[in-house]
Amino acid sequence: MDTLRADDGSSVSSQSLRTSLARSSSVHKNEFVLLPTNDNAAKTRRATRDMTINKLRFHTLGLIGRSEEVALLKQGVERATEKQSRELILISGESGTGKTALATSVGEEKNDRCIFLSSKFDLMLREKEPYAGIVGACQDLCRKLLLLKESNQDRFDTIHQGLQEALGSDLSLLVSIITELDEIFDMPPQLYQMSNQSMQEQMNRTVYAFRRFFQKLCTLFPSAVVITLDDCQWADFASLYLLEVLLTDDSIGGLVIIGCYRSDEVFDAHILSQMVRNLQLGNTDAFCITKICVGNLLVHQVQELLMELLAECNTENVEKLAQVCHRKTLGNAFFLQQFLGHLEEVELLKFNFGLMKWTWNAEDIATQTMATNNVLDLLRFKMAANSLDVNNLLALVACMGSVVPESVLCIVWSIYFHGEHTIESHENMQGKLNPLLLSAIEEGFLEHHPSLSTYQFVHDKMHECCLATVNPLRLPGMKTRIGHIVLNELHKGSFAERFLFVAASLLNEGLPPDETSERVALANLNLQAAQNAADASSFSSASKYVEHGVNLLPPALKWTDGYYDLTLHLYSLGAEVEYALSNVEAMQIYCDEVLKQADRPLIDKFRVYNVVQDSLLNQEKHDESVKLGFEVLRKLGYEFPRRWISIQTSIIAQVGKSLMSLSKRTVNEIETLPILTDPLKLQEMHILDKTTRCCYIANDDRLILAVLRNFDNSLKHGLCEYSPPVWASFGVLLVSLGEFSSAARIADCCRAIVDKIESRRTTAKTMHVLNFLVLPWFHPYQGLQKQLFEGYNTGLLVGDVESACWCIAQYLAIGFLQGKNLLSLDADAKIYIKQQQEFGQIHVFKYIALLHAVIQELSGQSDSDMGRDAKTFYLYDQLNTVLQHQSLEMHQSRLCAIMGYHAEGAQLSIERGDKFAKNALGFSWHMGDAFYRGVTLFAMAHKTRKRKYGSLARKQWSLIKTWAKKGNPNVSHYDCLLNAENEVFAGRYGKGESLFQKGIAMASRAGFIMDAALGSERCADFLLSKMKDQEGASYRMQEAVRYYKEWGAQRKVEQMENNHGESRPGPPDGVYIPTSDDSN
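Computed from a predicted structure; not experimentally measured.

Enquirer: Quick one: what's the story with the pattern of salt bridges, residue by residue and with numbers?
Expert: Using the criterion set out here, one finds 33 salt bridges in the structure. Between Lys834 and Asp250 there is a salt bridge, and its shortest N-O distance comes to 3.0 Å. In this pair, Lys834 sits in helix H37 (residues 822–839) while Asp250 sits in the loop between helix H9 (237–247) and strand S6 (255–262), placing the two residues 584 residues apart along the sequence. Accessibility expressed as a relative area gives 17% for Lys834, which makes it buried. In this structure, Asp748 engages Arg751 in a salt bridge whose closest nitrogen and oxygen atoms are separated by 2.8 Å. You can see Asp748 and its partner Arg751 sitting in helix H33 (residues 740–756), three residues apart, about one turn around the helix. With relative accessibility at 37%, the residue Asp748 sits in the partly exposed group.

Enquirer: Tell me what's going on with the side chain of Arg912, and back it up with residues and numbers.
Expert: Topologically, Arg912 is positioned in helix H40 (residues 902–912). The class for Arg912 is buried, based on a relative accessible area of 3%.

Enquirer: Please give an account of unusual backbone geometry that cites residues and values.
Expert: Residue Asp231 is not a glycine yet carries a positive backbone phi of 55 degrees. By the secondary structure assignment, Asp231 is in the loop between strand S5 (224–230) and H9. Asp231 gets classed as buried once you look at its relative accessible area, which sits at 3%. At Leu330, a position not held by glycine, the phi torsion is positive, near 60 degrees. Within the fold, Leu330 resides in the loop between helix H12 (315–329) and helix H13 (333–345).

Enquirer: Let's hear about the pairing of S5: which residues, and what values?
Expert: Among the seven residues in S5, seven count as buried, and that is most of the element. Side chains Ala224, Val226, Thr228 and Asp230 of S5 all project onto a buried face; the interleaved residues Val225, Ile227 and Leu229 project onto the opposite face, where all are buried too. Taken together, the seven bridges between strand S4 (residues 114–120) and S5 define a ladder with parallel strand orientation. In the sheet register, Ser118 faces S5, and the bridge partner there is Thr228. Note that S5 and S6 share five bridges and pair parallel. When the bridges of S6 are listed, Val225 appears paired with Leu255. Note that the unit made of S5, H9 and S6 has a crossover that is right-handed.

What counts as what
- Residues numbered from 1 in each chain as written.
- Predicted model: local features only at pLDDT ≥ 70, side-chain atom pairs only at ≥ 80, totals over all residues.
- Heavy atoms only, no water.
- Salt bridge = Lys/Arg side-chain N within 4 Å of Asp/Glu carboxyl O.
- Helix = DSSP H or I, 4+ residues; strand = E, 2+ residues; numbered from the N terminus.
- Buried < 20%, exposed > 50% of the residue type's maximum accessible area, 1.4 Å probe, protein only.
- Pairing = 2+ DSSP bridges.
- Right-handed = clockwise from strand over helix to strand, strands pointing away.

Here it is in structure tokens:
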């Protein structure tokens, strides 16, 4: 690979990026290490290495003074195992206090019920490599699964199959982030990105993929998955957000996250503190947070440690030594270990073979170690005793990060110090490198993880010290040279794709490139790194790379022909990632720079226009978002009228034109429409689609025109991923006009287009519109819930969380409308209300919360009385759109009819008019709304004999009759029951009774038990007040109670039993009882 490519395929020769390699190609072994070295001392130590009896055996020590902390850790794992809950255990303390040792101790005991994974965050990779700590834990999992494959093939196959089936298409996305998964699933890593996918959608999709991964993983390991993440003070925002999502996901059980962090580096405004506060503000019953603070060892604990380490049984013998060690190290566990190692090195603490015991002089130690009161001093002293080659190796590793894969280290070391690395020379170079690695391990600087095939520093202080030994004047050149080596090997395919981040970061921190070609090439590399980070939803990382890329471009060359594409991509991507990070000011700077290029094509600015429009919507500046959308469309040649009368005239003309065009094509002909590939036309449809959404939210009269224009675009230019929701929206318009047969044809076409279009990006939006706003008008409710649930899952899969949430909201609504048990609905609503809050879908949250409030009131779980007083709805003050208030009024009308508040219901119906029907086109709620309003109006017409109630009641019935005649299967029982009310009002009691019985039977057979209940109650009132049929009324009232019980409306049942008893029903409010005054 000889070129670096931007998104548009433009390339900049990577040779220019490598020209500076010559400046640092001649490396002398001592040019960057500042410490004096002692090769002879190193050889002497190695010669006596096998005599371990005279060596301090730190690895044999247990945890001293940490019994309470260990107990808390084990309790957390046991809780997660027994309750299948989620646990967050945070271990804080200063550097060197033993946090990591404590965290990993919980996994030391063999336990087949749990899997223990570990990883750490790296200061050098923070905001550079996406999800570094979590990816490390997944790499640990991959290595352990490969070992399992060798020992238990059946168990491995079960896990392999389970994860593959659960992840489906998301597997390719995770493999692009966790390349080691390729070894498990034999799937080459490739970056997966959907066309025109927004940053928010990408993040949603990535997070959802991780959620599904851990959901399945936790079911495959029967008790618990325990993940230890070290150095969380260096965690990036994306990783912490993902952890927050996992911990609040009720579908995940048996997950334990143990996070270690430096207490002196995590302050109140730190992102880790913010994550913990967010979790504590949520539902803490769903998971448990345990905080453990680890301090320095006390004198008596140091004494206990020394007795175990030195095999000394006499406490008096080590008392003074313990006091000296504690005074020198303050009881810091890591410092103490290094201090004791130093005493051994200088023979102030040595093993006496004659006495076969350790000997020391506490006073000599106190006086001769006065200058060594800092752990870094001890480490430098220790490094000085290493050979030069070992220290060079440690410096090289330190520049690459705290964790380095074996294969990568060998290649970089070979090229850096020996000038080349080939397949043929690999074994020879590995043979030269191994002794150096062994020495670094034996001296306690590095540790090897065979299961991960990595080397890493034993402690971050080791890393810090080794990096500090590099000559500051030489460090940038060293990073540049290593960066070039990594980049070259990346081009050859030797390294995994994620090492692009390592190369870019090293080169960014290395020698500033002098030549323009070098700066441009490095800017292009930063663009690639930024795009990869953004595709992995690590927006903070992407932001850093974009910033580097922009700063590398010479100001005089920006936006010039030779560098235009690179500049445009950097600024457009910068705008997108800053919006994703909610950095509106930084986003605006990038946007303004692109938009002020007046002589450039409009299509080049679409990405930025999308960002600005999304930002305005997010800030609830709905009118401004609509204005911007139509401004862009005007530049594209679209003209939309502004005056209301002109808009209505245009709608009438456009609807006729669109219907004519549709009538000329069959469904099969629609399927054969070409796939739209013209980039400009695709962007036009995208802008129209987004502007349509803005019009809907802002209640703009041009909404219908925008839908019609986009529908005609599909017919004229071909199909694309925006076509299905556009056609579904046209179906909504036809339904609102009463054109059910045409809407049915549109629905058939829409499903055919979904099957033809490969992209699933808009499938959830299409399913939401089709299955709640179109199909219910000519298709039974039964079966629609399944489609909506599939839309919900698809939306989450592709990152379209908003549409997914609307699908699940309408899934609940359809369940309510078709008479599903209220207690079952209540359980579902509780789950999805919480989910909307987690997803930040405020509008959907309010929609479901309103329905949930109705469910809880009817089922007797709430004391609210929304039918009579809207303000008893707990979110009343937060309803801030016209549609939200109208939805509340619609639910009030329903409650008034069911609870018998007919006077209030009739008055509310008069006040409401038909505004809701006009603003909420196609809503399935309209069918039941017309029925329940008709019930209250007829009830008041019976009571008062006033014609205004009868007239308005018949108007609602007329709507239902029209829908029924056009084939709506969900309103037939409404038509029959309101017909019965009308016959009773007209005095035709016999026919009225017959229609009541028929309507109740129809409702019951179709599953509308709440309507069968209300119909039975209304029939009982009629039989008692008009027919004086006590026995018939009693039977019907008992039937009403039975239906309400079956529905779960306990509050209504209690009202009926309290007011009437079971055998002597009396009329509730609104039932007409003849009196002697009637004759007047």
